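The primary structure of each chain is shown beneath.
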Amino acid sequence: MLRAGDIPVSLKLKEFPAQRNYILDIASDWVSGRPVGRTVIGAETEVCLKLEVLETGRIVETFFPDISGEIFYHQFAERQWENKYDVLVSNATGILLFIYPEKVAPMATISDANLLVEELGENGDDDSNENVVWSADLVPTQVQLVDLLQLHINHTNPTKIRRVAVIVSAWDTVQKYNPSAVPDAWLKAELPLLHQYLISNARQFSSLVYGVSALGGSLEDDAERLLSNLKPAERIIIIGNDCKPHDITAPITWLLQS
Amino acid sequence: MSELGLSKCKKNDCTIDTDGKCLEGFSEVEECPNFFYNEQAQALEDDSSSGLLADSAEAESMIILPDGLGLSFSAAAKVTRANLTRVIVLAGAVGSGKTTLLSSIYERFQEDPFLGYKFAGSLSLIGFEQICHLSRVASGKVRPDTERTKQGSEKFLHLRVHSDNLEKHLQDLLFSDISGETFRLACESTEECQRLEFLKRADHLVLFIDGEKLALNNKRQEAFADADVLIRSCIEAGMIGNRTFLEVLFSKYDIFGEVKKDKQTAEFVQYIERTLRENYEDKLACLKFFKIAARPNQASKLESSYGLEDVFPFWVEGTPLYTQTRKYPAKQVDNIKREFDKYSIKQS
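Conventions we followed
Residues numbered from 1 in each chain as written. Chains lettered and ligands numbered in written order. Predicted model: local features only at pLDDT ≥ 70, side-chain atom pairs only at ≥ 80, totals over all residues. Heavy atoms only, no water. Helix = DSSP H or I, 4+ residues; strand = E, 2+ residues; numbered from the N terminus. Buried < 20%, exposed > 50% of the residue type's maximum accessible area, 1.4 Å probe, protein only. Contact = heavy atoms within 4.5 Å. Areas by Shrake-Rupley, 256 points an atom, 1.4 Å probe, with all protein chains shown as cover. Arc of directions from axis to C-beta. Phe/Tyr/Trp six-rings, centres within 6.5 Å; stacked < 30°, edge-to-face > 60°. Core = buried A, V, L, I, M, F, W, Y, C linked by side-chain atoms within 4.5 Å. Buried area = accessible area lost by both parts, 1.4 Å probe. Salt bridge = Lys/Arg side-chain N within 4 Å of Asp/Glu carboxyl O. Polar contact = N/O pair within 3.5 Å; in protein donor to acceptor, adjacent residues only side chain to side chain. Nonpolar A, V, L, I, M, F, W, Y, C, P; charged D, E, K, R; others polar.

Bringing the overall build of chain A into the picture now. On a plain count of helices and strands, chain A comes out with ten helices and eight strands. Among the 258 residues that make up chain A, the fraction classed as buried is 40%. Look at the contacts in chain A between residues 6 or more apart in sequence, and 73% of them connect residues 24 or more apart. Total accessible area computed for chain A in this model is approximately 14200 Å², and 51% of it derives from carbon and sulfur atoms.

The structure is reproduced here in structure tokens:
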């Protein structure tokens, strides 16, 4: 999108990054409708872009560490991170927090489950001898996310992190069931603990919630429609903070304004 | 035993301060009843316990992060030094519902703001998740339960809240998670009671009376006696007094409240309230009574955390700090040298 410049956006690519093979590869996959591969552990990289904020003319050199999602789970479960990651956190001024709706693990209590069983008119099971020991992977998603945010924001005192942009990805899957869904309301309903945390700490850092679908739909079910756009960027769905249609740079622009 | 070691043990042949291994075999060394910190090195440990480079055979050095569990006494002291904090000590017999109440409050916040407050953070998210585990489907159980707090594993669970209208400041809360066995020992001995130094720092002492026992003829007197003896022990040991807010919670109201045709239970509850007021109200800053059901059974149709609508806001907003000037008897001032001392269980 930054390279093509064919859609009104809030950022402009000032110059090509010196090392650009990684980002060109994933961009090529995206425009061609090929699945963009997940970042695996050990293959993390950092993308450096020189950007111009069009509204102000300000030039900003931005560093986007592309980190495997598993790394964040290990941080939560093992309670440690690498020294080089520590340096990144110490210098970060903003966070892009990605949430994939279909992988949100809710809090499931026995009381609620038994209520459901009763409503369905089923007989509950007898007392079970099963005894599953607690482990980190059983923790609800919203608790993990709050904990990770706290680890990052509280890491330096005072924190440099002033803005958190929450990206609810694959927003097309949310819209499929609720076409009028609003990202902030979705977060409040689906991850209420995280929503409360963001609102309550507004004096320390600002937060906004965006619904984003970089693909614009399912490549399996809707590839022909998606790939028929003359401008690939017009596939993009983004909702939140009155951003321009398809302007996927909007969350980054907002972070850069801190 | 090294005088310079951070970790110390009352047993002379324990090597905890040299190789980190507990002679009694506790993997979590703070669970060992013989373990205590070397006070001279405590400040150094507090400043450097997180952010340390972990020993690792791997090329990349790792930074240790806060463990997210319950806070030790020293870590709790750091919170109160940094922020305006309410210390809420939950006391009562084994199985009276202390930990269940904590898990209930935490789970309500996972669903929505609770009783006019929004969740604003917690240093103990892992600790809360662990105490809630047996109430979750993932535990494999079919009836919700709460794991008993082990003696020697005493800690504080931290919660930060913000009023719903966001007008007030953030409020930190420290809830003690202490075994009923510890309080039983405090009832039996003045010395044991005086080891519970954190009682002096408590903004609220919350005393649980087990409602399940109140509903039984052969258990109710014992339940009342346990509570009465604990209050008296704490007062006579100088651990609570006219600077203490005491809330008596009749727990498991879904059980004893259902005994509608049994007038004896209702009358006995009134008798308890009357007697405790007569005996102690003039010795405390405040004495209140509540009936609660933290995790009511389905048949009762009561909502989760029933009865907390008056209690929780009082914990957040109320403190004896401004009710009257704090005056410590001279001997108590000498014993409280540091903020840390207010949170410790004094080693005998």
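A separate point is the overall build of chain B. Counting its regular elements, chain B contains 13 helices and eleven strands. Per-residue burial over chain B gives 54% buried out of 348 residues. Nonlocal contacts in chain B, meaning residues at least 24 apart in sequence, comprise 74% of its contacts between residues at least 6 apart. Accessible area of chain B: about 16000 Å², with a carbon and sulfur share of 48%.

The subject of this paragraph is helix H6 (residues 180–188) of chain B. Residues and elements named next belong to chain B. Residues Gly180, Thr182, Phe183 and Ala186 constitute the buried set of H6. All buried residues of H6 lie within an arc of 155 degrees about the axis, which places them on one face of the element. The elements touched by buried residues of H6 are strand S5 (85–92), helix H4 (98–109), helix H7 (190–194) and helix H9 (220–236).

Turning our eyes to something else, we now look at the packing of aromatic side chains. Residue and element names in this part refer to chain B. The tally for this structure, following the rule as stated, stands at 22 aromatic pairs over all chains. Consider the rings of Phe73 and Phe198, whose centres lie 6.1 Å apart with planes at 10 degrees: the pair is stacked. Of this pair, Phe73 sits in helix H3 (residues 73–82) while Phe198 sits in the loop between H7 and strand S9 (204–209), and the two are 125 residues apart along the sequence. Residue class for Phe198 comes out buried when judged on its relative accessible area of 0%. Pairing Phe312 with Trp315 gives two aromatic rings, centres 6.5 Å apart and planes at 65 degrees, and the pair type is edge-to-face. Separated by three residues within a single helix, Phe312 and Trp315 lie in helix H12 (residues 308–317), roughly one turn from each other.

Judged by nonpolar contacts, the single largest core of 59 residues is most densely connected at Leu194 of chain A together with Phe109, Phe312 and Trp315 of chain B. With six residues, helix H5 (residues 141–153) of chain A is the largest single contributor of residues to this core. Apart from residues no more than four positions distant in its own chain, Leu194 of chain A is found in contact with Leu97, Ile99, Gln142, Leu145, Val146, Leu149 and Leu187 of chain A.

Another point: the interface of chain A and chain B. Contacts between chain A and chain B engage 45 residues on the former and 48 residues on the latter. Summed over both partners, the interface of chain A with chain B comes to about 4000 Å²; 57% of that surface belongs to carbon and sulfur atoms. Ranking the residues of chain A by area buried against chain B places Ile110, Trp134 and Gln196 of chain A at the top, with a combined share of 17%. At the junction of chain A and chain B, the tally comes to one salt bridge. The salt bridge partner of Glu118 of chain A is Lys301 of chain B, with a shortest N-O separation of 3.9 Å. Where chain A meets chain B, there are 20 residue pairs in polar contact (both at pLDDT 80 or more). Among the elements of the structure, helix H2 (69–78), strand S4 (80–82), helix H3 (83–91), helix H4 (110–119), H5 and helix H8 (192–200) of chain A are those that each provide at least two residues to the side of chain A that touches chain B. Among the elements that line the side of chain A that touches chain B, the one with the most residues is H4 of chain A, at seven residues. Here the side of chain A that touches chain B is built from residues that sort into 20 nonpolar, 13 polar and twelve charged.

No statement about biological role is implied by the geometric values presented.
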